[in-house]
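In case you want the letters, here they are:
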Amino acid sequence: METAQSQQQVAAPGAVTAFARFVLCGGGVGLASSFAVAGLASWLPWALANALITVVSTLLATELHARFTFGKGGRATWSQHVQSAGSAAAAYVVTCVAMVVLQQLVAAPGAVLEQVVYLSASALAGVARFVVLRLVVFARNRSRAAAPAATPASPVHATVARAAVPARPAVLCRAA
């Protein structure tokens, strides 16, 4: 006989918890990526270095978000990777535009200024990415986990069946 706990699906975390996990996972990957882009950019053009690191970090972050951030607990599907890649492509454009604007405004920006601009653009894109991942990419998994199928023997069904019987006014008054 299975216990109620083993039958219960893993509930999706609330928005605040998911955002904290997103910042931890995505922010950690993003921070490491910023240093990787800076290092790789010494050998390759910056846009190419950013593109390569974006691909690798997106794969890693999507796995972390599927397993930890949004409460799925398993590996990300190919569909989720593709959808996540779309939001990462938008983040890539935001970071590239920010760096081009920096290059136009400052003739020879230092490494610290480049990091500040890059991380600021990444943070802005990250908030938008969180919304997309939560509401689109991983939303179907949350709705399935939050609404397990009711069977005739389930407690939910029995509760609904009892609630369907009209209560006498005296019982309702005592309950209030």
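First, a word on what this report is: a plain description of the structure on this page. (Residues numbered from 1 in each chain as written. Predicted model: local features only at pLDDT ≥ 70, side-chain atom pairs only at ≥ 80, totals over all residues. Heavy atoms only, no water.)

### Here we look at the nonpolar core
- The biggest cluster of nonpolar side chains holds nine residues, and these are Ala18, Phe22, Ala66, Phe70, Ala76, Phe130, Leu133, Val137 and Phe138.
- When contributions to this core are tallied by element, the ones reaching two or more residues are α2 (15-40) and α5 (111-137).
- In terms of residues, this core owes the most to one element, α5, which gives three residues.
- Not counting residues within four places of it along the chain, the set of residues in contact with Ala18 comprises Pro13, Thr69, Phe70, Phe130 and Arg134. (Core = buried A, V, L, I, M, F, W, Y, C linked by side-chain atoms within 4.5 Å. Buried < 20%, exposed > 50% of the residue type's maximum accessible area, 1.4 Å probe, protein only. Helix = DSSP H or I, 4+ residues; strand = E, 2+ residues; numbered from the N terminus. Contact = heavy atoms within 4.5 Å.)

### Some details on the side chain of Thr69
- As for its position among the elements, Thr69 is in helix α3 (residues 46-69).
- Note on Thr69: relative accessible area 0%, which makes it buried.
- Sequence-distant contacts of Thr69, that is, excluding residues within four places in its chain, are made with Pro13, Ala18, Arg21, Phe22, Cys25 and Leu64.

### With respect to helix α4 (residues 78-105)
- The terminal C-alpha atoms of α4, which comprises 28 residues, lie 40 Å apart, in line with the 40 Å expected from a rise of 1.5 Å per residue.
- The complete set of buried residues in α4 reads Gln80, His81, Ser84, Ser87, Ala88, Ala91, Thr95, Cys96, Ala98, Met99 and Leu102. (Expected span 1.5 Å × (residues − 1).)

### Brief notes about the packing of α2 against α3
- Running from N to C, α2 and α3 cross one another at 155 degrees; their axes reach a closest spacing of 9 Å. Taken together, the axes of α2 and α3 lie roughly antiparallel to each other. For α2 against α3, the interelement crossing comes out right-handed. Of the residues in α3, those touching α2 at Ala18, Arg21, Phe22, Leu24, Cys25, Gly26, Val29, Ser33, Ala36, Val37 and Leu40 are Trp46, Ala49, Asn50, Leu52, Ile53, Ser57, Leu60, Ala61, Leu64, His65, Phe68 and Thr69.
- Residues of the contact of α2 with α3, tallied by class, amount to 16 nonpolar, six polar and one charged. (Axes fitted to C-alpha atoms, helices over the stretch in contact; angles between N-to-C directions. Parallel < 35°, antiparallel > 145°, perpendicular 65-115°, else oblique. Left-handed = near helix turned anticlockwise from the far one by under 90°. Nonpolar A, V, L, I, M, F, W, Y, C, P; charged D, E, K, R; others polar.)

### Some points on the pattern of salt bridges
- All chains considered together, the criterion is met by two salt bridges.
- One salt bridge connects Glu63 with Arg67, and the closest N-O pair in it is separated by 3.2 Å. In this pair, Glu63 and Arg67 are both assigned in helix α3, four residues apart and thus about one turn of the helix distant.
- On the basis of relative accessibility, which here comes to 13%, the residue Glu63 falls in the buried class.
- The partner of Arg75 in a salt bridge is Glu63, with the nearest N and O atoms 3.6 Å apart. Of this pair, Arg75 sits in the loop between α3 and α4 while Glu63 sits in helix α3, and the two are 12 residues apart along the sequence.
- Overlapping salt bridges bring together Glu63, Arg67 and Arg75 as one network. (Salt bridge = Lys/Arg side-chain N within 4 Å of Asp/Glu carboxyl O.)

### Examining a nonpolar patch on the surface
- A cluster of nonpolar side chains, contributed by Val93, Val97, Val101 and Leu105, occupies part of the molecular surface with about 380 Å² of accessible area.
- Residue position: Val93 is located in helix α4.
- Val93 gets classed as partly exposed once you look at its relative accessible area, which sits at 47%. (Patch = residues over 30% accessible without salt bridge, like charges linked within 9 Å, V, L, I, M, F, W, Y side chains within 5 Å. Areas by Shrake-Rupley, 256 points an atom, 1.4 Å probe, with all protein chains shown as cover.)

### Section: the packing of α2 against α5
- α5 packs onto α2 with a crossing angle of 140 degrees between their chain directions and a minimal axis gap of 10 Å. α2 and α5 meet at a crossing whose hand is right-handed. Here Ala15, Ala18, Phe19, Phe22, Leu31, Ser34, Phe35, Val37 and Ala38 of α2 lie close against α5, whose contacting residues are Gln115, Tyr118, Leu119, Gly126, Arg129, Phe130, Leu133 and Arg134.
- By residue class, the composition of the contact of α2 with α5 is 12 nonpolar, three polar and two charged.

### Quick look at the environment of Ser120
- Along the chain, the position of Ser120 falls in helix α5.
- Judged by its relative accessible area of 45%, Ser120 falls in the partly exposed class.
- Note: C-alpha distance between Ser120 and Ala98 (22 residues apart in sequence) is 8.9 Å.
- At 2.7 Å, the side chain of Ser120 forms a polar contact with the backbone oxygen of Val116. (Polar contact = N/O pair within 3.5 Å; in protein donor to acceptor, adjacent residues only side chain to side chain.)

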